[in-house]
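Chain and residue survey
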Amino acid sequence: MLFIFFIQWWLPFFAPTAPQFREQVIDSTVSIGYGVALGDVDGDGKPDILLADKKQIVWYRNGDWKRRVMAESLTEHDNVCIAAQDINGDGKVEVAVGAQWNPSETSNAEQSGAVFFLKNPADPKQLWEPVRLPHEPTTHRMKWVKSATGQYYLVVLPLHGRGNKTGEGEGVKIMAYEYPANKNDEWKTYILDSAMHLTHNFDFKASSNEKQSGLYVAGKEGVRFIETNFLKQAVGKAATIRGIEQGAGEVRVGDIAAGKNFIAAIEPMHGTAVVVYLKDDDAKRIVLDDDVKEGHALAVADFLGVGSDQVVAGWRSPDKEGKVGVKLYMKTDADGMQWQSHWIDDNGMACEDIQVMDMNGDGKPDIVASGRATQNLKIYWNTSGQ
């Protein structure tokens with residue numbers, strides 16, 4: 001009897017903390033919401049929301065959340081992606097965007113793809129000046145990345161290689177644009193890899209473990225790795241990751257324990273399965289969910305403050321229960337072999353993109369998501385542990 005009492009007394013200390021989030025609708029008039037970025041636009045010390053919508057690049061000021069237009073009708077076809085990062089240390093983000101989204105045209109660079117750097121005006125509420133940069137067709141995703149040398153680059157990922165049809169043909173040119181010391185100087189460009197096909201998204205992981213620090217790219221061939229000192233890596237030589245060769249559309253890298261990473265993915269592109277790979281010599285694949293439909297958004301963070309990361313995934317087409325949504329997946333054992341899911345948004349977000357940041361300074365990461373068919377933008381405030 002004493003033993004049973006002891007186990008009952010200790011169980012709460014081992015039980016995982018339940019995630020809790022409070023939803024706030026920021027915009028219910030979003031056209032598509034292709035891409036979300038987070039960062040301080042106006043220098044007030046608080047992160048704002050930036051959105052690449054169908055024809056407008058907009059930002060929402062933290063506090064009043066009013067929609068303000070940064071750029072409009074940059075190209076004939078839609079905007080598709082956005083990247084925001086304080087590169088020069090002035091407390092305000094530098095912003096780059098991708099446009100001319102025309103994925104069926106893989107050869108004509110004038111009719112498919114565009115990359116712009118947006119020059120910040122003195123008053124960020126005014127229109128920003130677009131500076132057109134060279135590009136490959138089918139520009140699709142971008143991030144600001146700090147290389148091993150300390151230099152910032154804008155890494156841009158097309159969907160296809162030139163002339164690519166149904167994922168066959170020339171490989172995708174993954175491009176790095178060197179941020180110049182003077183904004184008016186020419187941007188140097190480098191090809192980081194040209195061997196993958198149907199590359200849909202990528203993540204950058206800065207790690208004390210050099211073998212795990214770098215770019216993780218999801219595509220037809222699975223997930224491949226480009227080291228942080230990527231300019232010294234030979235073109236077309238992105239490393240395969242043993243055991244992760246299934247086609248993937250989304251990828252994020254999280255911490256399973258101190259100094260040990262896991263790789264989260266949605267398989268295949270626009271896929272149905274949310275998975276994690278636990279890395280040792282070989283990657284062990286664990287399926288977290290195989291019921292999503294058109295999985296299109298993925299994030300990892302320690303939302304619960306437990307010292308390891310959880311996974312958040314969103315999908316944009318109704319699943320077998322007729323639902324779209326966003327779910328959080330948390331491990332329930334020390335090794336990450338067992339996971340359980342929790343709804344963040346049950347059928348209210350046809351998710352196109354997800355980004356994570358502490359938006360209110362309480363030390364807990366919050367979730368920002370944009371919806372396609374639902375045409376909305378939401379913050380999910382992290383109230384876990386309250």
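The residue count restarts for each chain, going from 1 along the sequence in the order it is written. Two thresholds apply to this predicted model, a pLDDT of at least 70 for residue-level local features and 80 or more for giving and counting side-chain atom pairs, whereas whole-chain, interface and lining totals are computed over all residues. Hydrogens and waters are ignored; side-chain quantities use all the structure's heavy atoms.

1. Details of the pattern of salt bridges
- For this analysis, a salt bridge means a side-chain nitrogen from Lys or Arg found within 4 Å of a carboxyl oxygen belonging to Asp or Glu. In total, this model carries 20 salt bridges according to the counting rule given.
- Residues Asp-291 and Lys-320 are paired through a salt bridge, measuring 3.5 Å at the closest nitrogen-oxygen approach. Taken together, the residues span a long stretch of sequence, with Asp-291 in the loop between β21 (283–289) and β22 (295–301) and Lys-320 in the loop between β23 (310–315) and β24 (325–331) at a distance of 29 residues.
- Each residue is placed in one exposure class: buried if its accessible area under a 1.4 Å probe, protein chains only, is under 20% of its type's maximum, exposed if it is over 50%, and partly exposed if it falls in between. Assessed through its relative accessible area of 32%, Asp-291 is described here as partly exposed.
- Taking the shortest distance from any N to any O, the salt bridge between Arg-316 and Glu-294 comes out at 2.8 Å. On the criterion of sequence distance, the pair formed by Arg-316 in the loop between β23 and β24 and Glu-294 in the loop between β21 and β22 is long-range, its members being 22 residues apart. Helix numbering and strand numbering both begin at the N terminus, where a helix is a DSSP run of H or I of at least 4 residues and a strand a DSSP run of E of at least 2.

2. Thoughts on the sheet that holds strand β5 (residues 67–72)
- When DSSP finds at least two bridges between two strands, those strands are taken to pair. One open sheet holds the 4 strands; their spatial order is β2-β3-β4-β5, and the pairing between them is antiparallel. In this open sheet, the two strands that pair with only one neighbour each are β2 (35–39) and β5. Here the average twist between neighbouring strands, direction ignored, is 20°.
- Bridge analysis of strand β3 (residues 48–52) against strand β4 (residues 56–60) gives 4 bridges, and the strand direction is antiparallel. Considered in β4, the bridge of Ala-52 is made with Ile-57. Where helices are involved, their axes are fitted lines through C-alpha atoms of the stretch in contact, as for all axes, and angles between N-to-C directions lie from 0 to 180°.

3. Some details on the sheet that holds strand β19 (residues 260–267)
- Strand order in this open sheet of 4 strands is β18-β19-β20-β21, and the pairing throughout is antiparallel. Where the open sheet ends on each side, the last strands, each with one partner, are β18 (250–257) and β21. Each strand axis lies, on average, 30° off the axis of its neighbour in the sheet, ignoring direction.
- The pairing of β18 with β19 spans 7 bridges and is classified as antiparallel. Paired with Gly-254 across the bridge in β19 is Phe-262.

4. Considering the nonpolar core
- Only buried Ala, Val, Leu, Ile, Met, Phe, Trp, Tyr and Cys residues count toward a nonpolar core, and they belong to the same one when joined by side-chain atoms within 4.5 Å. In terms of nonpolar packing, the biggest core is built from 22 residues, with Val-115, Met-142, Trp-144, Leu-154, Tyr-177, Tyr-179 and Trp-187 touching the most fellow members.
- Of all the elements in the fold, those that place two or more residues in this core are β6 (81–85), β8 (114–119), β10 (139–146), β11 (152–158) and β12 (174–178).
- Looking at which element gives the most residues to this core, the answer is β11, with 3 residues.
- Whether two residues are in contact is decided by their heavy atoms: any pair within 4.5 Å suffices. When neighbours within four sequence positions are excluded, Met-142 is seen to be in contact with Cys-81, Ile-82, Ala-83, Ala-96, Val-97, Gly-98, Val-115, Leu-154, Val-155, Val-156 and Phe-202.
- Listed in part, the 19 residues of the second largest apolar core include Ile-57, Ala-84, Val-95 and Ala-99.

5. Looking at the pairing of β18
- Of all 8 residues that make up β18, 6 are buried, and the element is covered over most of its length.
- The hairpin turn running from β18 into β19, its antiparallel successor, is 2 residues long, and Gly-259 in that turn takes a positive phi close to 75°.

6. Regarding the packing of aromatic side chains
- When two rings of Phe, Tyr or Trp (its six-membered ring) have centres within 6.5 Å they constitute a pair, described as stacked for plane angles under 30 degrees, edge-to-face for angles over 60, and tilted for the intermediate range. Counted under the stated rule, the structure contains 13 aromatic pairs.
- An angle of 75° between the planes, with centres 5.3 Å apart, marks the rings of Tyr-153 and Phe-230 as edge-to-face. Within this pair, whereas Tyr-153 is found in strand β11, its partner Phe-230 is found in the loop between β16 (222–227) and β17 (239–240), the two being separated by 77 residues in sequence. Per residue, the accessibility class of Tyr-153 equals that of Phe-230, and both read buried.

7. Quick look at empty space enclosed by the protein
- Definitions used throughout: a 1 Å grid over protein atoms alone; a cavity as a set of points that fits a 1.4 Å probe which cannot get out; a pocket as an open set with protein on both sides within 12 Å along at least five of seven lines; a lining residue as one with an atom within 4 Å of a point. Grid points are joined across faces, edges and corners, and a volume is the space filled by probe spheres set on the points. Counting across every chain of the model gives 1 cavity of 30 Å³ or more.
- Empty space within the largest cavity amounts to approximately 30 Å³.
- Around the largest cavity, the lining residues are Thr-106, Glu-136, Pro-137, Pro-158, His-160, Gly-161, Arg-162, Gly-171, Val-172 and Lys-173.
- Residues were grouped as follows: Ala, Val, Leu, Ile, Met, Phe, Trp, Tyr, Cys and Pro as nonpolar; Asp, Glu, Lys and Arg as charged; and all remaining residues, including Gly, as polar. For the lining of the largest cavity, the per-class residue count stands at 3 nonpolar, 4 polar and 3 charged.

8. A look at the layout of surface pockets
- Put simply, the largest pocket is a space of about 920 Å³.
- As for the largest pocket, its lining consists of 39 residues, and the residues nearest its centre are Gln-85, Lys-143, Asp-203, Gln-355 and Val-356.
- Those elements that provide at least two residues to the lining of the largest pocket are β2, β6, β10, β14 (201–205), β18, β22 and β26 (351–357).
- Per-element accounting of the lining of the largest pocket gives the leading share, 6 residues, to β10.
- Broken down by class, the residue content of the lining of the largest pocket amounts to 25 nonpolar, 5 polar and 9 charged.

9. Quick notes on the environment of Tyr-177
- Here Tyr-177 is to be found in strand β12.
- It is 5.2 Å that separates the C-alpha atoms of Tyr-177 and Tyr-153, two residues lying 24 residues apart in sequence.
- Excluding anything up to four places from it in sequence, Tyr-177 contacts Val-115, Leu-133, Pro-134, His-135, Tyr-152, Tyr-153, Leu-154, Val-156, Trp-187, Lys-188 and Thr-189.
- Whenever two N or O atoms come within 3.5 Å, that pair is a polar contact, provided that in protein one can donate a hydrogen and the other can accept it, and provided that, for residues adjacent in sequence, both atoms are side-chain atoms. From its side chain, Tyr-177 meets the backbone oxygen of Pro-134 in a polar contact 2.5 Å long.

10. Details of the state of the cysteines
- By definition, disulfides here are pairs of cysteine sulfur atoms that lie within 2.5 Å. Applying the stated criterion to the full structure yields 0 disulfides.
- Cysteine Cys-81 shares no disulfide, and the gap to the nearest cysteine sulfur, in Cys-351, comes to 16 Å.
- Accessibility expressed as a relative area gives 2% for Cys-81, which makes it buried.
- We classify Cys-351 as buried; its relative accessible area is 0%.

11. As for unusual backbone geometry
- Pro-268 follows Glu-267 through a cis peptide bond whose omega is -15°.
- You can see Pro-268 is positioned in the loop between β19 and β20 (273–279).
- Backbone geometry at Trp-65 places phi at a positive 55°, although glycine is not the residue there.
- Relative to the elements of secondary structure, Trp-65 occurs in the loop between β4 and β5.
- Phi at Glu-294 takes a positive value of approximately 55°, unusual for a residue other than glycine.

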